[in-house]
Amino acid sequence: MNKRYTMRRGGPDVLTEELVNVFSSRGDIEFKPLFDLVYARLQGRKAAHGGEEMLRLRAYEKLHWLVRMGGVVKTGKLYRGNSGKLRPLVDRVATSHCQELLDTVRTTVPK
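None of the values given here were measured: they were computed from a predicted structure.

1. What to know about the packing of aromatic side chains
Okay, step 1: Counted under the stated rule, the structure contains three aromatic pairs.
Okay, step 2: Judged by centre distance (5.3 Å) and plane angle (90 degrees), the rings of F31 and Y60 are edge-to-face. Taken together, the residues F31 in helix α2 (residues 31–44) and Y60 in helix α3 (residues 52–69) connect sequence positions 29 residues apart.
Okay, step 3: Connected via pairs of aromatic rings, a cluster forms that spans F31, F35, Y39 and Y60.

Structural data, given as structure tokens:
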């Protein structure tokens, strides 16, 4: 079973994961190229559901949540990740992936 978490339940969802992944590996980026990159990554994961425009709105909302929490700094039209504030989210994403792998191994390995 593939579990995804939302911000309200304490962990990131796939859209937030991809935003955090981009900011962990990039410098300054405008929203349009950021969204294009996140959208391509979500399509690669087969997780781009609900249409591109709805996903764009959700990405913009989550981006501004990251700005409000201090994980991303906005300067004009550019966004830059704040590694100190993003660290807990990066750790949660890694923990979530490890847990998913363990769950998959437990359900597929014969006893």
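2. Notes on unusual backbone geometry
Trans peptide bonds make up the majority, and among non-glycine residues the majority have a negative phi.
Okay, step 1: The phi dihedral of K46 is positive, around 55 degrees, even though this residue is not glycine.
Okay, step 2: Inspection of the secondary structure assignment puts K46 in the loop between α2 and α3.
Okay, step 3: Residue classification places K46 among the exposed positions, given a relative accessible area of 68%.

3. Remarks on the sheet that holds strand β1 (residues 29–30)
Okay, step 1: The strand order β1-β3-β2 describes an open sheet built from three strands, whose pairing is antiparallel. If you trace the sheet from one side to the other, it starts and ends with β1 and β2 (72–75), each paired once.
Okay, step 2: Taken together, the two bridges between β1 and strand β3 (residues 78–81) define a ladder with antiparallel strand orientation. Looking across to β3, one finds that E30 is bridged to L78.
Okay, step 3: In the packing of α3 onto the sheet, the strands contacted are β2 and β3, and the crossing angle to β2 comes to about 100 degrees.

4. Focus: the side chain of D13
Okay, step 1: Structurally, D13 is set in the segment before α1 (14–25).
Okay, step 2: A residue is classified by how much of its surface remains accessible, and D13, at 8% relative accessible area, is buried.
Okay, step 3: At a separation of 3.0 Å, a polar atom in the side chain of D13 contacts the main-chain amide nitrogen of L15.
Okay, step 4: Among the polar contacts listed, one links the side chain of D13 to the side chain of T16, at a separation of 3.0 Å.

5. Concerning the pattern of salt bridges
Okay, step 1: Using the criterion set out here, one finds nine salt bridges in the structure.
Okay, step 2: As a salt-bridge pair, D13 and K62 come within 2.8 Å of each other at their nearest N and O atoms. Taken together, the positions of D13 in the segment before α1 and K62 in helix α3 put the pair 49 residues apart, joining distant regions of the chain.
Okay, step 3: Ionic contacts of the salt-bridge type, sharing partners, join the residues E17, E18, R41 and R45 into one network.

What counts and what doesn't
- Residues numbered from 1 in each chain as written.
- Predicted model: local features only at pLDDT ≥ 70, side-chain atom pairs only at ≥ 80, totals over all residues.
- Heavy atoms only, no water.
- Phe/Tyr/Trp six-rings, centres within 6.5 Å; stacked < 30°, edge-to-face > 60°.
- Helix = DSSP H or I, 4+ residues; strand = E, 2+ residues; numbered from the N terminus.
- Buried < 20%, exposed > 50% of the residue type's maximum accessible area, 1.4 Å probe, protein only.
- Pairing = 2+ DSSP bridges.
- Contact = heavy atoms within 4.5 Å.
- Axes fitted to C-alpha atoms, helices over the stretch in contact; angles between N-to-C directions.
- Polar contact = N/O pair within 3.5 Å; in protein donor to acceptor, adjacent residues only side chain to side chain.
- Salt bridge = Lys/Arg side-chain N within 4 Å of Asp/Glu carboxyl O.

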